[in-house]
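Structure at a glance
Chain residues, written in single-letter form:
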Amino acid sequence: MVYNPKEIEKKWQKIWSGESAESSAVLSADSAKSGESGNLDSSFEPKNDFSLPKKYILSMLPYPSGNLHMGHVRNYSIGDAIARYYRKNGFNVLHPIGWDSFGMPAENAAIKHNLHPKTWTYENIANMQKSLKSLGFSFSKNREFATSDPIYTKWEQEFFNQMWENDLVYRKKAYLNWCPNDKTVLANEQVVDGKCWRCDAEVVQKEMHQYYLRITKYADELLSCLEDLEGNWSKQVITMQKNWIGKSLGLEFSFKLERPIGEINEISVFTTRADTIYGVTYCAIAPEHELVKHLLKENLLSKDKADLVTSMQNMIFKDRVSKEKIGVSTGIYALHPLTKKRLEIFVANFVLMDYGSGAVMCVPAHDERDFEFAKKYNLEIKQVVCKKGDFKGVDSADSALDSPDLANLDSAVDSAKNATDSTNLKNADSAKNSALDSAKTAIDSTDSTNLDLLDSAFIDDGILIASGEFSGFSSEEGRSAIIKYFEKNKIGKSVINFKLRDWGISRQRYWGTPIPLIHCEKCGIVKETNLPVLLPDDISLDGEGSPLEKHPTWKFTKCPKCGGEALRECDTMDTFVESSWYFLRYTTPRELWEKSAFDTKSLEYWLNVDEYIGGIEHAVLHLLYARFFTKVLRDLGHINIDEPFARLLTQGMVLKDGFKMSKSKGNVVSPSDIIEAYGADSARLFILFAAPPKKELEWNDDALEGAYRFINRIFLNADKAKIENLSFENLAFENLNKDEKYARKKVYEALSKYEATFSNRDYPLNTLIASCMEAFNALNAQENAQVWFEGYYILLNILEPIIPHTSYELSQKLFNLENLRKIEIDNEALKSESINIAITINGKKRGEIEVAVNTPNDELLALAKSEVSKWLEEKTIIKEIIVPNKLVNLVVK
């Protein structure tokens, strides 16, 4: 048979979509094998029979940029293989696709090409739908939607309103990137070298009202539930989420100002390193701190300083964190809560108002950032923690008293602890207090500002020095004791803090979901009850200002409460909101979409998502927001699960010439070009064979051609299996020759590998394909027609999830599709009449023999010695070891 991918693939794509005259017969046959009645348009649709075992297989929804890239092809080929496997094995499979269709790129493209964002978006969706179809992916058509569809917007706004009512949404001011020329807010990626990407104007930070979702309310649960995902999510993703949430136990306290500044008497800080508190030599506050605002308002800073502070305020946050540390002395001092030492307060660009209180205590000897800043501005660096074991010297605390230098420090601490027979130094009995006092004297007399470690910060735990009564404690003991001291004296408290911050969702752009709130002078902020609130189509996009704010009529409305004149909120939502609940919407049949956001029975049946597939780049934001939304919708009574994704598969990137494919590098491979030249099945086969799903894949043109040649060989040899009224059920093992037995064994080994592959959460499809290739090679080495028939019957079944067009075409011609069902493994075919035995001498392999399975040991030894006779010359065998079915080891001298 001849392989004509263009003809074959179009044929089956039409059949699967119900567009062909053959569709009814083929789909009915497929349904009959699973016990279902045929339905012309249900080839890949989930069934309404909730008594069936289910699998919900989901790839992360794409942004409709206009063209598929090879990363899409890899992602969807993996998901499609899994979905086809389970569908063929009698599972009810939900395998949907949708479009993450709101977002800034559409707005930018609209400005550039003078198109409406909606036109650009939906034309791109149509184009990408054709591409998906051309690859033969078995997505549900009836569950497909775009997140910019009005009906999707309606329910998203309803969820927002419910969150607003339950205090899970709030409004506050925050600083945003602002282009003063275009009078518009810019995303971080629109700021290039501190300038607007469009007009090259200097970007400033402008304080504006924003809406936030209270994700921090769920911080503890988001963290603790990660334990339930261990083993089913990659360790890397779990670690990234843990670090992003960033739970830490620490000390919260205040530095009193030396003198009040206006109404400000103190600055509050939080630290996880209470053990270093004696090493604080200065304080730093954010440029947006209330103390800085007062200084600027009252002109208490020189012009040069005020200008520098203002420039800090206008730096985008990512630059403030990454660029050179900059500070401005305020001339104001705070007092150390324990030593009462004066600490200079600096305005520093590395302190962010969004994190904690916007003020930090600075310990340059034990923090790299503080060290860098202190070196730049010639500030004191005081070491208060040293590495235990670094210092050698005296053997007792008494010696330390006589020579209170750093060389005696370590021995003094150890001596004191040994003397007390307890790590709790404060509870030492009076008879041993002298040893403890000796150690502390040695420690406190050390000039900690002159230590040899001042060429870099010592950031690890160690032993406290120069820390008053806490000297000699380990860092862990010191943190606990110092926090207790602060609490006892009511000057601070132990608190649990999180790095996670509430999610700012406001976007001052057009192409997004409108925030459904109304501003009324009489009633305040009121939720819109007439949903959905849709975007106006008659919009002018010129990149200047807020498009909705500038619209002549859209923002003017009536207050739902009092009926008076009011204004709509002109912000739209972050597009991460849409992708945070789309997987829940897929569970609901299309005919119920208008009636409700979710169908309860469908939710209970389909959730959780059994396999979620996407890139590691989504490890934090998307996955964290989706987990958060799931918990919120649970608490609002919509769903009854805690976590959305039972298993997560993060596929590796597709590289070319060692780099991620990108237009700028000129290394992009177009899926449409590959399909045109080699066919969709060749693309799918290569992409799944070239590397395990989780590993990076290096593009290889030769390997792609190899995939094409393999499929071509399958077609060329197919006639050998085309025999009328032939079956393989009466194939007798004892009647086959060695090559025929070997061919059958390799075929059934591939079938065993098939089952094992889809039971393995890493889905090593590359090794499954390799096993199929070995089986085809073994078939080619024999001539038995029945073995050919059986081989094709099984191998086309195995390959159906990988190269579906080829499998369906040949299965139809050879077996009327009867083979595309679950096939039981013939264990007799896996039997071996002979095995290969390795022969080693003194543990080193010297040969190999093929013997019958049940060869007696004495015969086995004789054959082994004969095979390696030249290695035994002039040697004496002192021991013979047989490892059954594996090797013979001869120990000689």
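Structure: see above.
Summarised in this report is the structure supplied together with it. Keep in mind that this is a model prediction, so the values were computed, not measured.

**Regarding the overall build of the protein**
Along the backbone of the protein there are 30 helices and 32 strands. Looking at the protein as a whole, 54% of its 893 residues qualify as buried. Nonlocal contacts in the protein, meaning residues at least 24 apart in sequence, comprise 71% of its contacts between residues at least 6 apart. Of the roughly 39,800 Å² of accessible surface on the protein, a fraction of 47% belongs to carbon and sulfur atoms.

**What to know about the sheet that holds strand β26 (residues 654-656)**
In space, the three strands of this open sheet follow the order β27-β26-β28, with mixed pairing throughout. Across the chains shown, the open sheet's two edge strands, defined by having one partner strand only, are β27 (659-660) and β28 (697-698). Where β26 and β28 come together, two bridges link them in parallel fashion. Residue pairing for β28: Leu655 is matched across the bridge by Glu698.

**A closer look at the sheet that holds strand β3 (residues 169-179)**
Here four strands make up an open sheet; going across it, the order is β4-β3-β7-β17 and the pairing antiparallel. With one partner strand each, in any of the chains shown, β4 (184-186) and β17 (503-504) form the two edges of the open sheet. As paired strands, β3 and β4 are joined by three bridges and run antiparallel to one another. Bridged to Cys179 within β4 is Thr184.

**Some thoughts on the packing of aromatic side chains**
In the structure shown here, the tally under the stated rule is 58 aromatic pairs. Relative to Tyr212, the ring of Tyr170 has its centre 5.5 Å away and its plane inclined at 15°; by these criteria the two rings are stacked. With a gap of 42 residues between them, Tyr170 in strand β3 and Tyr212 in strand β7 (residues 204-213) connect regions that are remote in the sequence. Side by side, Tyr170 and Tyr212 carry an identical accessibility label, which is buried. Between Tyr605 and Trp606, the ring centres sit 4.7 Å apart and the planes meet at 75°, which makes this aromatic pair edge-to-face. You'll find Tyr605 and Trp606 in the same group, each marked buried. Put simply, the rings of Phe145, Tyr152, Phe159, Trp581, Tyr582, Phe583, Tyr586, Trp593, Phe598, Tyr612 and Phe645 pair up and form one aromatic cluster. Over the ring of Trp178 we find Lys206; its NZ or CZ atom is 3.9 Å from the centre of that ring.

**Looking at helix α9 (residues 235-245)**
Spacing of three or four residues puts side chains on the same side of an α-helix, whose turn is 3.6 residues. Residues Val237, Ile238, Gln241 and Ile245 constitute the buried set of α9. Down the axis, α9 shows its buried residues gathered within 100° of arc, on one side only. Next to the buried residues of α9 lie α7 (219-224), α8 (226-229), β8 (247-261), β16 (492-498), α21 (621-635) and β25 (648-651). In the segment just after α9, Gly246 is the residue with positive phi, at about 60°.

**Some thoughts on the pairing of strand β1 (residues 54-59)**
Across the six residues that make up β1, a large majority, five, are buried. Of the pairings in the sheet, the one linking β1 to strand β2 (residues 92-94) comprises three bridges and is parallel in character. Along β2, the bridge assignment pairs Lys54 with Asn92. Crossover connection from β1 via helix α3 (residues 70-88) to parallel β2: handedness right-handed. Across three bridges, β1 lies against strand β24 (residues 611-615) in parallel orientation. Paired with Leu58 across the strands is Tyr612, a residue of β24.

**Notes on empty space enclosed by the protein**
Per the counting criterion, the structure on display carries five cavities of 30 Å³ or more. Around the largest cavity, the lining is made up of 20 residues, and of these Glu107, Ile111, Thr184, Gly543 and Glu544 lie nearest the centre. Contributions of two or more residues to the lining of the largest cavity are made by α4 (104-113), β4 and α18 (547-550). When the residues that make up the lining of the largest cavity are grouped by side-chain class, the tally is six nonpolar, seven polar and seven charged. By volume, the second largest cavity amounts to about 50 Å³. Together, Phe710, Arg713, Ile714, Asn717, Phe776, Asn777 and Asn780 line the second largest cavity. When contributions to the lining of the second largest cavity are tallied by element, the ones reaching two or more residues are α24 (701-717) and α26 (765-780). It is α24 that provides the largest number of residues to the lining of the second largest cavity, a total of four residues.

**Observations regarding the nonpolar core**
By size, the foremost hydrophobic cluster in this structure holds 92 residues, and its most contacted members are Trp699, Ile714, Phe758, Tyr792, Leu795 and Ile798. In terms of residue count, helix α27 (residues 785-799) provides more of this core than any other element does, 10 residues in total.

**Structural notes on the packing of α24 against helix α28 (residues 804-815)**
When two helices pack together, their arrangement is given by the angle between the helix axes and by the axis-to-axis distance. Packing of α24 against α28 leaves a shortest axis separation of 11 Å and a crossing angle of 0°. Overall, the two elements α24 and α28 adopt an arrangement that is roughly parallel. Residue-level inspection shows Ile711, Ile714 and Phe715 of α24 in contact with α28, the latter providing Thr806, Glu809 and Leu810.

**Considerations on the side chain of Ser329**
Considering the arrangement of structural elements, one finds Ser329 in strand β11 (residues 327-335). In terms of polar contacts, Ser329 uses its side chain to reach the side chain of Glu344, at 2.4 Å. Here Ser329 is in contact with Leu301, Lys305, Glu344, Ile345 and Phe346, once residues within four sequence places are set aside.

**Brief notes about the pairing of strand β32 (residues 887-892)**
Judged from the four bridges that link them, strand β29 (residues 834-841) and β32 form a sheet pairing that is parallel. Along β32, the bridge assignment pairs Ile841 with Leu890. Here strand β31 (residues 877-883) pairs with β32 via six bridges, running antiparallel. Bridged to Glu880 within β32 is Leu890.

**Some thoughts on the environment of Gly66**
Considering the arrangement of structural elements, one finds Gly66 in the loop between β1 and α3. Residue class for Gly66 comes out buried when judged on its relative accessible area of 4%. Not counting the four nearest positions on each side in its chain, Gly66 is found in contact with Asn124, Asn127 and Met128.

Criteria and cut-off values
- Residues numbered from 1 in each chain as written.
- Predicted model: local features only at pLDDT ≥ 70, side-chain atom pairs only at ≥ 80, totals over all residues.
- Heavy atoms only, no water.
- Helix = DSSP H or I, 4+ residues; strand = E, 2+ residues; numbered from the N terminus.
- Buried < 20%, exposed > 50% of the residue type's maximum accessible area, 1.4 Å probe, protein only.
- Contact = heavy atoms within 4.5 Å.
- Areas by Shrake-Rupley, 256 points an atom, 1.4 Å probe, with all protein chains shown as cover.
- Pairing = 2+ DSSP bridges.
- Phe/Tyr/Trp six-rings, centres within 6.5 Å; stacked < 30°, edge-to-face > 60°.
- Lys NZ or Arg CZ within 6 Å of the ring centre and 35° of its normal.
- Arc of directions from axis to C-beta.
- Right-handed = clockwise from strand over helix to strand, strands pointing away.
- 1 Å grid on protein atoms, 1.4 Å probe; cavity = no way out; pocket = protein on both sides within 12 Å on 5 of 7 lines; lining within 4 Å.
- Points joined across faces, edges and corners; volume = space filled by probe spheres on them.
- Nonpolar A, V, L, I, M, F, W, Y, C, P; charged D, E, K, R; others polar.
- Core = buried A, V, L, I, M, F, W, Y, C linked by side-chain atoms within 4.5 Å.
- Axes fitted to C-alpha atoms, helices over the stretch in contact; angles between N-to-C directions.
- Parallel < 35°, antiparallel > 145°, perpendicular 65-115°, else oblique.
- Polar contact = N/O pair within 3.5 Å; in protein donor to acceptor, adjacent residues only side chain to side chain.

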